[in-house]
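# Report on the structure
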Amino acid sequence: MDTAQDTQNLNQSQAQPPSCGDSRHLIEVRDSPGKGLGIFAKANIPRGTRILAESSLIKFNENEQPTAKTIMQAFESLSPSQQESYLELHNYACDLDKQILESQTGQTWDELPEMHQRVLGIYTANSFGSIHLLASRFNHSCLPNTTHLYNPTLDKETFHTIQDISAGEELLISYMDGSNWVKSKRQEYLQKWGFECNCPACEDTRKAEPKRRNGWSYHY
Ligand SMILES: [Zn+2]
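Report on the accompanying structure. (Residues numbered from 1 in each chain as written. Predicted model: local features only at pLDDT ≥ 70, side-chain atom pairs only at ≥ 80, totals over all residues. Heavy atoms only, no water.)

### Comments concerning the nonpolar core
Among the nonpolar cores identified, the biggest contains 21 residues, and I58, Y86, V119, L120, Y123 and I131 are the most heavily contacted of them. Counting only elements with at least two residues in this core, the list comes to α2 (68–76) and α5 (114–126). It is α2 that provides the largest number of residues to this core, a total of five residues. If near-sequence neighbours (up to four positions away) are discounted, Y86 is found in contact with L57, I58, F75, L78, V119, I122, Y123, I131 and L133. (Core = buried A, V, L, I, M, F, W, Y, C linked by side-chain atoms within 4.5 Å. Buried < 20%, exposed > 50% of the residue type's maximum accessible area, 1.4 Å probe, protein only. Helix = DSSP H or I, 4+ residues; strand = E, 2+ residues; numbered from the N terminus. Contact = heavy atoms within 4.5 Å.)

What follows is the structure in structure tokens.
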């Protein structure tokens, strides 16, 4: 990044100071071709920027394994406006998640009330230990440019850029917790979200192949 860009970013930060202890004014949610909604940079964003620090909408205690019943209870405890926002999130439950939820409810997926299917599907599609309204819009890449971590001091999930990001570029996180999996294993895991990854690491198999033999690794 050159000096002119640094100055531009600094000016932008000064013109519009970060709110909520983050730089969310530098990002926007909009359509990501083939992926639904995504989070995009509105300006150049330097590596290391805390782009988002977001409280959870739904969160379970560390030792508590969410079940269909407790997920429904958590949803019902939200305010009407929070429920409305929750129901706008992407809804998808893979077959394995459906089987787990069926065993917990004693009902087949098709027997569940439509609202239960929707609330549970949104939970399985968007939870990484907790549900966040804005952070749920991050799409996946096996070569992410953004990383996230729970910050216990803030009691928020924080998202930092790990590369310089250009205006208009999509901010992407890894859904896989940084595991060093080969493409087939990554794709198997991503079935939880029902999509096939087309990031550079997954598209360029021939280039990735030699690295796999020596132990595939990617930025996280
Ligand atoms: Zn990928």
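More follows now that the structure is in view.
### Observations concerning the packing of aromatic side chains
Scanning all chains against the criterion turns up eight aromatic pairs. Geometrically, the ring pair formed by F60 and Y123 is edge-to-face, given 5.9 Å between the ring centres and 75° between the ring planes. Of the two residues, F60 sits in the loop between β4 (58–59) and α2 while Y123 sits in helix α5, which places them 63 residues apart along the sequence. The class of Y123 is buried, set by a relative accessible area of 7%. (Phe/Tyr/Trp six-rings, centres within 6.5 Å; stacked < 30°, edge-to-face > 60°.)

### Here's the deal with the sheet that holds strand β2 (residues 36–41)
Overall, mixed pairing links the four strands, which are arranged β1-β2-β9-β6 in an open sheet. At either margin of the open sheet sits one strand with a lone partner, and together these are β1 (27–32) and β6 (139–140). The pairing of β2 with strand β9 (residues 170–173) spans two bridges and is classified as antiparallel. Of the residues in β9, the one forming a bridge with I39 is L171. (Pairing = 2+ DSSP bridges.)

### Section: the coordination of the zinc ion
Distances from the zinc ion to its protein donors, C142 (SG), C197 (SG), C199 (SG) and C202 (SG), fall within 2.2 to 2.4 Å. Classification of the site at the zinc ion rests on its four donor atoms, whose angles at the metal span 101 to 114°, yielding the label tetrahedral. (Donors = N, O, S within 2.8 Å, 3.2 Å for Na, K, Ca; no water. Tetrahedral: all angles 85-135°; square planar, octahedral: opposite > 155°, others 65-115°.)

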